[in-house]
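Tertiary structure, described
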Amino acid sequence: MTDRSPLASLPPAPEAPLAGTPEPATEPLPSPGHRRDPLTVAVVGLFVIAVLFALYFGRDVLLPIMLALILSFLLRPLVRALYRVGVPEGLGAAVMVVMLFGGVLLAVYTLSTPAAEWVNRMPRVLHELEFKLGDIRAGIDRAREASRQIEEITKETGEAGPVREVVVRGPTLMEQAVSQVESVLANVVILLVLLYFFLARGRHSLESLIGTMRNVDDRVHYAMVAATLQQNIAAYLLTITVINAVLGLATGLVMWMWGLPNPALWGVMVALANYIPFIGPAVMTGVFFLVSVLTFDSLGTIILPPLSFVALTTLEGNFLTPMIVGRRLSLNPIAVFVSILFWGWLWGIPGALLAVPILAILKILFDAHEPLKPVGALLGD
């Protein structure tokens, strides 16, 4: 018999970790349930890149189409209401398009005079602003002069001979203005024609498309998706429009009380800018500050208009809009901000205005399809 030590029955001691190797803070992560096919990932990536290129280079065509589609969601309930009282859809669509165009023309005509006054006053406005912000201007001039001296010293030490400047002459200001006016008019005509067809024939086209599906369940599903999209987007756009109009009216009244010139102009600008969450109100706060600097002299009076607008937007953004809109469609603020940046980068200011409605449409579509529900949950509740 051999003697067994009492220590022989104990389990072996764990090996000491190597010097400099950190111990894991948590247990190892589980491996994914299924591995992604690299070819599938590459194809999806190429498809996304192709879509981005199409959206960017096709913005002149896609932008009026998307704007007409979103406006059709907003005006479709009115066309349906006219149809219920005996007005044909074609005539009701024409009435809505004419009323929309007339309303825009009336607003432009009414606000063109104060806007033109501010444009004509711009040289004097810049002079007054430079005078009132003299200390800041002096600091900028000193920094600019120091930068110029450094550039001259660098040229003296590094130049081997005279430098020739090549000036490339582009189109004149008048040519650029004419080109922009032509582009805007063409887009307006395309928008109105598309809006009429969406309102007059959109329902029939959608019903024909759904009728081509052989599976009855698919017909019912996509008919419900279309109805949900129309109802929710129309209610969302109508609610946001009413909220923005109320905010613009309240802002105009407050600016009139403080004695700011052209309060109606600022109210309309606020109502339009508020379609761009976060960025629009921030820009208008800066505008109110500059106008206050040009209008008033004392610091206590200057800060009152921008502070009043900040209070109004805070009340609207944190209480009024979440209480009304949140019951129907609540979007993730991060997704909203990223959407504004993305569509603003692709399509400029019109893209930033359409960013939130596009995000709402995508959320409804994602929620209606089982594989895309996680993406819809990421976009909002």
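Keep in mind that what you see is a predicted model, and the values were worked out from it rather than measured. (Residues numbered from 1 in each chain as written. Predicted model: local features only at pLDDT ≥ 70, side-chain atom pairs only at ≥ 80, totals over all residues. Heavy atoms only, no water.)

What about the overall build of the protein?
To be explicit about the condition: Where helices and strands are cited, they refer to DSSP runs of H or I of at least four residues and of E of at least two residues respectively, numbered from the N terminus. Only protein chains enter the calculation, and the probe is 1.4 Å; a residue is then buried if its accessible area is under 20% of its type maximum, exposed if over 50%, and partly exposed in between.
Along the protein, the regular secondary structure elements total 13 helices and zero strands. Mapped in sequence order, the helices and strands of the protein form the string α-α-α-α-α-α-α-α-α-α-α-α-α. For the protein, buried positions account for 26% of its 381 residues.

Thoughts on the nonpolar core
Operational definition: Working definition of a nonpolar core: buried Ala, Val, Leu, Ile, Met, Phe, Trp, Tyr and Cys residues. They are joined through side-chain atoms within 4.5 Å. Every residue pair with non-hydrogen atoms within 4.5 Å of one another is taken to be in contact.
Ranked by size, the top nonpolar core spans 30 residues in total, and within it Ile233, Tyr236, Leu331, Trp343 and Trp347 carry the most contacts. It is helix 12 (residues 333–367) that contributes the most residues to this core, 16 residues altogether. When residues no more than four places from it in sequence are discounted, the contact partners of Ile233 are Phe73, Thr228, Ala360, Ile361 and Ile364. Counting residues in each nonpolar core, the second largest holds 15 residues, with Met255, Leu260, Ala273 and Val291 among its members.

Side note on the packing of aromatic side chains
Inclusion rule: Classification of ring pairs uses Phe, Tyr and Trp, with its six-membered ring standing for Trp, and accepts pairs whose centres are within 6.5 Å; under 30 degrees between planes counts as stacked, over 60 as edge-to-face, and the remaining range as tilted. Geometrically, a charge over a ring is one whose NZ (Lys) or CZ (Arg) sits within 6 Å of the ring centre while staying within 35 degrees of the ring normal.
Counting across every chain of the model gives 10 aromatic pairs. Where Tyr56 meets Phe57, the ring centres are 5.1 Å apart and the plane angle is 85°; that geometry is what we call edge-to-face. Seen from their ring centres, Phe342 and Trp343 are 5.1 Å apart, and the 80° between their planes marks the pair as edge-to-face. A relative accessible area of 27% means that Phe342 is categorised as partly exposed. Take Trp343: its relative accessible area is 10%, and that puts it in the buried class. Members of the aromatic cluster, connected to one another through ring pairs, are Phe53, Tyr56, Phe57, Phe342, Trp343, Trp345 and Trp347. Taking NZ or CZ as reference, Arg59 lies 4.4 Å from the ring centre of Tyr56, over its face.

Observations regarding the pattern of salt bridges
To keep things clear, this is the line we draw: Here, a salt bridge means any side-chain nitrogen of Lys or Arg that lies within 4 Å of a carboxyl oxygen of Asp or Glu.
Taken as a whole and assessed by the stated rule, the structure comprises five salt bridges. In this structure, Glu207 and Arg203 form a salt bridge, with 3.1 Å as the shortest nitrogen-oxygen distance. Here Glu207 and its partner Arg203 are both found in helix 6 (residues 173–211), four residues apart, which amounts to about one turn of the helix. Residue Glu207 is classed as partly exposed on the basis of its relative accessible area of 45%. You can call Arg203 partly exposed: its relative accessible area is 31%. Among the ionic pairs, Asp367 bridges to Lys363, the shortest N-O distance being 2.8 Å. Of this pair, Asp367 and Lys363 both sit in helix 12, four residues apart, roughly one helical turn. What you see here is one network of salt bridges that share partners, running through Arg76, Glu89, Arg203 and Glu207.

Some points on helix 12
Residue pairs three or four apart in sequence face the same way in an α-helix, which turns once every 3.6 residues. Under the convention used in this document: What a helix is expected to span follows from its residue count: subtract one and scale by 1.5 Å. At every residue, the bend is computed as the angle between two fitted axes, covering the seven residues ending there and the seven beginning there respectively. Within 3.5 Å is the distance limit for a polar contact, defined as a pair of N or O atoms, with the added protein rule that one can donate a hydrogen and the other accept it, and that residues adjacent in sequence qualify only through two side-chain atoms.
Taking 1.5 Å of rise per residue, the 35 residues of helix 12 would be expected to cover 51 Å, yet its terminal C-alpha atoms sit only 18 Å apart, more than 12% below that figure. When the local axis directions of helix 12 are compared, the greatest deviation, roughly 145°, occurs at Trp347, which is followed within four positions by the proline Pro350. The distance from a side-chain oxygen at the start of helix 12 to the backbone nitrogen of Ile334 is 3.1 Å, and the residue carrying that oxygen is Asn332.

Focus on the side chain of Asn274
Inspection of the secondary structure puts Asn274 in the loop between helix 8 (263–273) and helix 9 (279–295). At 2.6 Å, the side chain of Asn274 forms a polar contact with the side chain of Asn244. Once residues within four sequence positions are removed from consideration, Asn274 is found in contact with Asn244, Leu247, Pro281 and Glu316.

Brief notes about the packing of helix 8 against helix 9
Spelled out, the test is: Every axis corresponds to a line fitted to the C-alpha atoms, with the helix fit spanning only the stretch in contact, and the corresponding angles, defined between N-to-C directions, vary from 0 to 180 degrees. Geometric relationships in this document are graded by angle, where less than 35 degrees denotes roughly parallel, more than 145 denotes roughly antiparallel, 65 to 115 denotes roughly perpendicular, and other angles denote oblique. Should the near helix be turned anticlockwise from the far one by less than a right angle, the crossing is left-handed, and should it be turned clockwise, the crossing is right-handed. Think of it as three bins: nonpolar holds Ala, Val, Leu, Ile, Met, Phe, Trp, Tyr, Cys and Pro, charged holds Asp, Glu, Lys and Arg, and polar takes everything else, Gly as well.
Contact geometry of helix 8 with helix 9 gives a least axis separation of 9 Å together with a crossing angle of 160°. When the axes of helix 8 and helix 9 are compared, the pair comes out roughly antiparallel. The crossing of helix 8 and helix 9 is right-handed. Side by side, helix 8 and helix 9 meet where Trp266, Met269, Val270 and Ala273 of the first sit next to Gly280, Pro281, Met284, Val287, Phe288 and Val291 of the second. Considered class by class, the residues forming the contact of helix 8 with helix 9 number nine nonpolar, one polar and no charged.

Details of a nonpolar patch on the surface
Rules: Any residue with relative accessible area above 30% and no salt bridge may belong to a patch, with like charges joined within 9 Å and the nonpolar Val, Leu, Ile, Met, Phe, Trp and Tyr side chains within 5 Å. For the area figures, the Shrake-Rupley method with a 1.4 Å probe applies, and any residue is considered shielded solely by the protein chains shown.
Together, Leu46, Ile49, Phe53, Tyr56 and Phe57 make up an exposed nonpolar region whose accessible area comes to about 550 Å². Looking at the secondary structure, you find Phe57 in helix 1 (residues 38–57). Overall, the relative accessible area of 60% leaves Phe57 in the exposed class.

Digging into helix 2 (residues 59–84)
Here helix 2 spans 37 Å end to end across 26 residues, near enough to the 38 Å set by a 1.5 Å rise per residue. Along helix 2, the sharpest kink reaches roughly 45°, centred on Leu75 and followed within four residues by the proline Pro77. Taken as a whole, helix 2 has its buried residues at Leu63, Pro64, Ala68, Ile70, Leu71, Ser72, Phe73, Leu75, Arg76 and Val79.

Considerations on the environment of Ser112
Structurally, Ser112 can be placed in helix 3 (residues 89–120). Along the backbone, Ser112 and Leu265 are 153 residues apart, and their C-alpha atoms lie at a distance of 9.1 Å.

Concerning the confidence of the model for the protein
The test is simple: pLDDT measures the predictor's confidence residue by residue and takes values from 0 up to 100.
Model confidence for the protein is summarised by a mean pLDDT of 79, while 73% of its residues fall at 70 or above. Across residues 1–8, where pLDDT falls below 50, the model places zero contacts with residues more than four positions away in sequence or in other chains.

Brief notes about the environment of Asp367
The exposure class assigned to Asp367 is partly exposed, which follows from its relative accessible area of 31%. Each C-alpha atom, one on Asp367 and one on Ala377, is 7.6 Å from the other, the two residues being 10 residues apart in sequence. Beyond its immediate stretch of four places on either side in the chain, Asp367 contacts Lys373, Gly376 and Ala377.

Comments concerning unusual backbone geometry
Phi is mostly negative for residues that are not glycine, and the peptide bonds are mostly trans. Positive phi values are uncommon outside glycine, yet Asn262 reaches one of about 55°. Take Asn262: it is sitting in the loop between helix 7 (216–258) and helix 8. Assessed through its relative accessible area of 23%, Asn262 is described here as partly exposed. A positive phi angle is found at Phe278, which is not glycine, with a value near 70°. For Phe278, the location among the structural elements is in the loop between helix 8 and helix 9.

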